[in-house]
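Reading the structure
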Amino acid sequence: MNISVTARHMDVPEEFRQHVRDKVEKLERYFDKIQTVEVTLDHEADEVTVEILAVANHKAQFVATSRDGDMTCALDQCLHKVSEQIRRHKDKVKEH
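Residues numbered from 1 in each chain as written. Predicted model: local features only at pLDDT ≥ 70, side-chain atom pairs only at ≥ 80, totals over all residues. Heavy atoms only, no water.

**Focus: the overall build of the protein**
In plain terms, the rule: By definition, any uninterrupted DSSP run of H or I lasting at least four residues is a helix, any uninterrupted run of E lasting at least two residues is a strand, and each is numbered from the N terminus. Type-normalised accessible area, obtained with a 1.4 Å probe on protein chains alone, sets the label of each residue: buried when under 20%, exposed when over 50%, and partly exposed for intermediate values. Note on contacts: a residue pair is in contact if any heavy atoms of the two residues lie within 4.5 Å. The Shrake-Rupley method, run with a 1.4 Å probe sphere, supplies the accessible areas, and residue values consider only the shown protein chains as cover. Positive charge is attributed to Lys and Arg, negative charge to Asp and Glu, and no charge count is given to His or to the chain ends. The atom standing in for a charge is NZ when the residue is Lys, CZ when it is Arg, CG when it is Asp and CD when it is Glu.
Within the protein, the regular secondary structure consists of 2 helices and 4 strands. Put simply, the protein has 96 residues, and 35% of those count as buried. Long-range contacts, defined as pairs at least 24 residues apart, comprise 42% of the intrachain contacts of the protein with a sequence gap of at least 6. When the accessible surface of the protein is summed, it comes to about 6000 Å², and 45% of that surface belongs to carbon and sulfur atoms. Across the protein, the 15 positively charged side chains and the 19 negatively charged ones have centroids separated by 8 Å.

See below:
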C-alpha cells in the first residue's frame with residue numbers, strides 16, 4: 001500500500017507524518033485490497049482539515065474529510081469515517 005502525506009499552508013513535523021502513516025496502515029485490517037492512500041493536511045483559519053482518499057481494486061474509492069482545531073482529533077475522525085466506508089464496502093462485496 002502506497003501512502004502519501006501532503007500538507008498545505010503549514011509545516012508538518014516528520015514525527016506527525018510517521019504517526020499518520022502508522023494509523024493509515026491499520027486500514028489494511030479492514031480491507032486488504034487498498035492500493036494507495038493520500039492524506040492531505042490543510043490549515044485554514046485556526047482549523048485543520050484532514051482529507052483521506054483511499055483507492056482500492058476495481059475502482060473503489062473512499063473519501064473522508066474532517067475539520068477540527070486539533071490536528072490529531074481531525075485525523076482520528078477522518079480515519080473513523082474512512083474505516084466505516086471500507087467496512088460497508090467489504091460487507092457489500094461479501095454478500096455478492
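The discussion continues.
**Some thoughts on the sheet that holds strand β2 (residues 34-44)**
Quick reminder of the rule: Pairing between two strands requires that DSSP report at least two bridges joining them. For helices, the axis comes from a line fit to the C-alpha atoms of the stretch in contact; other axes are also lines fit to C-alpha atoms, and the angle between any two N-to-C directions lies between 0 and 180 degrees.
Strand order in the open sheet formed by 4 strands is β1-β2-β3-β4, with mixed pairing between adjacent strands. With one partner strand each, in any of the chains shown, β1 (2-8) and β4 (60-68) form the two edges of the open sheet. Each strand axis lies, on average, 10° off the axis of its neighbour in the sheet, ignoring direction. Strand contacts of helix α1 (residues 14-25): β1 and β2, with the helix running at about 140° to β1, the strand carrying the most contacts.

**Regarding the nonpolar core**
Going by this rule: Throughout, nonpolar core names a set of buried Ala, Val, Leu, Ile, Met, Phe, Trp, Tyr and Cys residues whose side chains join them through atoms within 4.5 Å.
Within the largest apolar cluster, 27 residues are counted, with the highest numbers of intra-cluster contacts made by V39, L41, V50 and I52. For this core, the secondary structure elements donating two or more residues are α1, β2, β3 (47-56), β4 and α2 (71-95). Of all the elements, α2 adds the most residues to this core, at 7 residues. If near-sequence neighbours (up to four positions away) are discounted, I52 is found in contact with V37, E38, V39, F62, V63, A64, C78, L79 and V82.

**Notes on the side chain of T49**
For T49, the position within the fold is in strand β3. Of the residues examined, T49 reaches a relative accessible area of 14% and is grouped as buried. When residues no more than four places from it in sequence are discounted, the contact partners of T49 are T40, L41, D42, T65, S66 and R67.

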